[in-house]
Amino acid sequence: MPPPRNRRPRGTGTIVEKHDAYYGQWRVRGKPVLRKLGPVRKPGTREGLTKSQAEARLRELMSETAKAPVPVAERMSVEQVGRRLITHLKAKGRKDSTLENYESHMRVHLTPHFGEMPIAEITSDDVEDFIELCLSEDAGQSIKSTLNYLGLLHSIFEFAIRKRLAHENPCKLVEKPDPDDEDKDIRFLDQAELDALLDAASVRHRHRRETLERGARVRHLRDADKLPWKAIAATIGVAESTAIYLYRCEPDAVSSSDEALCRVERVLYLTAAMSGLRQGELLALRWMDIDWVAQRIRVRRNFVRGKFGTPKSKRSSRAVPLADRVAGELELLFKSSAYQSDEELVFCHPHTGKPLDRSQVLKRFKKALTRAGVREARFHDLRHTFGTRMAAAGVPMRTLQEWMGHRDYKTTLIYADYAPAANEVDLVNAAFVAHGHQTVIKLSGSAANSTQQNPDELGGSD
């Protein structure tokens, strides 16, 4: 019986001798590899490889192939991989608003910059060029926006690596802009500015010539041609609610539609400033979310990009105090509204009951600011108005975090500078009081060898 063969350990490959040459066999990522190691050394010569030299060459080749990058399965651009990533995230249930943001970043920023360049060939230098372009004066992107684009690009590269479309993620090798370099000042309205805005929002205004002309056309289509609102809206290229609004626009007359819309938006501005709700949360607010007895506003939904959904984060599902002034204004709005069921929207269009158009809300908000003579502000600054006012009133930061629905406590700390500290002014005053409420500090005559004397040793002057 022949002696048993010595089997090589797993993973060390195999050496075979064929046609006077050594060949190495091993597997890389499950696939067989066969490489020629060299000719077999014949006895009495110095040419070719001995068995031990063939073993060494085999280990060398196995090490090199193990370190080699995985072959790219397909040459694809950043846009193509990004589309696959968005489809993957959609299947996993990622929020529609987030995916729409990703698509916007792709279309406006990533695709124009990287173009058709294969993603496997993009280097850290290319990513740094992208960052520099975003922060340039011509592009005018903020650091926060630039970091958002980089975050998406990072995810695209990670997805490409998993799908064997790239070897590495160059975003990990670049120096990202520091968010601490951003301007930390927040904008908000003081009480006088808020009152001026609310007064301006209550003012009914006459219509421009272009609006009156379109209104006359709508009235003709409605009264003479007997067209339904949907057909009229399609004919002139506007929303159905806008067609109804134009129908009520008459020459030299105040529009009752405008009056109703002003009433809704005035309460919208007040609620935003005195509750801290985001715009999407306000537009999705239902009458059932107003708890008159407990004096709470319960945030349960969001309205973003024409769709209702869940709030921004888990902490965004919350309840905030319903101030007496807001409760009174909401009660008046409820009585004047034609849509009073629990499921109806609080801040709906007064003639259709549908959600207000976000872009139109912003336009009318800007016009109200102009009529009020208030400096330029964003609708989101009404939320900052609530945050700064509550911090100044002494509301604890943790409580304010719950009210505003911040996921991260650090976000709430932007209002910490407006929070008063107990007796802080008294402490500063007491530290500098000496002899008749005046402190005189005398310095030596030599500026090069100046020393400050003990305040207790200084005399006061009347």
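For the structure, check the block above.
Residues numbered from 1 in each chain as written. Predicted model: local features only at pLDDT ≥ 70, side-chain atom pairs only at ≥ 80, totals over all residues. Heavy atoms only, no water.

Asks: When you look at the overall build of the protein chain in this model, what are you seeing that I'm missing?
Replies: A count of helices and strands for the protein chain gives 17 helices and eight strands. The 462 residues of the protein chain split such that 37% are buried. The long-range share in the protein chain, meaning contacts at least 24 apart out of those at least 6 apart in sequence, stands at 59%. For the protein chain, the computed accessible surface area is about 28,100 Å², with 50% contributed by carbon and sulfur atoms. (Helix = DSSP H or I, 4+ residues; strand = E, 2+ residues; numbered from the N terminus. Buried < 20%, exposed > 50% of the residue type's maximum accessible area, 1.4 Å probe, protein only. Contact = heavy atoms within 4.5 Å. Areas by Shrake-Rupley, 256 points an atom, 1.4 Å probe, with all protein chains shown as cover.)

Asks: Mind showing me how you'd approach the nonpolar core here?
Replies: One recurring pattern in soluble globular proteins is that nonpolar side chains are buried together. Among the nonpolar cores identified, the biggest contains 49 residues, and Tyr 269, Phe 347, Phe 379 and Leu 382 are the most heavily contacted of them. The dominant element in this core, judged by the number of residues it contributes, is helix α10 (residues 256–275), at eight residues. Leaving out residues up to four positions away in the same chain, Leu 382 has contacts with Leu 189, Leu 194, Leu 197, Tyr 269, Ala 272, Ala 273 and Phe 365. The next biggest cluster of nonpolar side chains, apart from the first, holds 29 residues, and it includes Val 78, Met 106, Ile 156 and Phe 159. (Core = buried A, V, L, I, M, F, W, Y, C linked by side-chain atoms within 4.5 Å.)

Asks: Explanation requested: the environment of Arg 219 in the structure shown.
Replies: Following the sequence through the fold, Arg 219 ends up in helix α7 (residues 209–224). For the pair formed by Arg 219 and Arg 248, sequence separation is 29 residues and the distance between their alpha carbons is 8.3 Å.

Asks: Would you take a moment to explain the packing of aromatic side chains for this structure?
Replies: Between two aromatic rings, the relevant description is the distance of the centres plus the angle of the planes. Summed over all chains, the structure comprises nine aromatic pairs. Relative to Phe 365, the ring of Tyr 269 lies with its centre 5.3 Å away and its plane at 70°, an arrangement referred to as edge-to-face. Of the two residues, Tyr 269 sits in helix α10 while Phe 365 sits in helix α13 (residues 358–372), which places them 96 residues apart along the sequence. There is no split in this pair, since Tyr 269 and Phe 365 are both buried. Measuring from ring centre to ring centre gives 5.5 Å for Phe 365 and Phe 379, while their planes differ by 65°; the resulting arrangement is edge-to-face. Of this pair, Phe 365 sits in helix α13 while Phe 379 sits in the loop between α13 and α14 (380–392); the two residues are 14 residues apart in sequence, bridging distant segments of the chain. The pair formed by Phe 365 and Phe 379 is uniform in burial state, with each residue classed as buried. (Phe/Tyr/Trp six-rings, centres within 6.5 Å; stacked < 30°, edge-to-face > 60°.)

Asks: Please explain the packing of helix α2 (residues 78–91) against helix α5 (residues 143–162) as it appears in this structure.
Replies: Helix-helix packing is characterised by the crossing angle of the two axes and by the distance between the axes. Put simply, α2 and α5 touch, their axes get as near as 9 Å, and they point 85° apart. With respect to α5, the element α2 is oriented roughly perpendicular. Here α2 contributes Val 78, Val 81, Gly 82, Arg 84, Leu 85 and His 88 to the contact with α5, which in turn contributes Leu 152, Leu 153, Ser 155, Ile 156, Phe 159 and Ala 160. Its residues assigned to classes, the contact of α2 with α5 comprises eight nonpolar, three polar and one charged. (Axes fitted to C-alpha atoms, helices over the stretch in contact; angles between N-to-C directions. Parallel < 35°, antiparallel > 145°, perpendicular 65-115°, else oblique. Nonpolar A, V, L, I, M, F, W, Y, C, P; charged D, E, K, R; others polar.)

Asks: Hey, could you run me through the pattern of salt bridges in this one?
Replies: Between side chains of opposite charge, pairing is possible as soon as their charged atoms come close. Within this structure, the stated rule accounts for 18 salt bridges. Residue Glu 193 pairs with Arg 375 through a salt bridge whose shortest N-O separation is 3.2 Å. Residue Glu 193 is located in helix α6 (residues 191–202), and its partner Arg 375 is located in the loop between α13 and α14; the two are separated by 182 residues in the primary sequence. Accessibility expressed as a relative area gives 16% for Glu 193, which makes it buried. Exposure remark for Arg 375: the relative accessible area of 38% places this residue in the partly exposed category. The closest approach of N and O atoms between Arg 278 and Glu 281, which form a salt bridge, is 2.7 Å. Each member of the pair, Arg 278 together with Glu 281, is buried. (Salt bridge = Lys/Arg side-chain N within 4 Å of Asp/Glu carboxyl O.)

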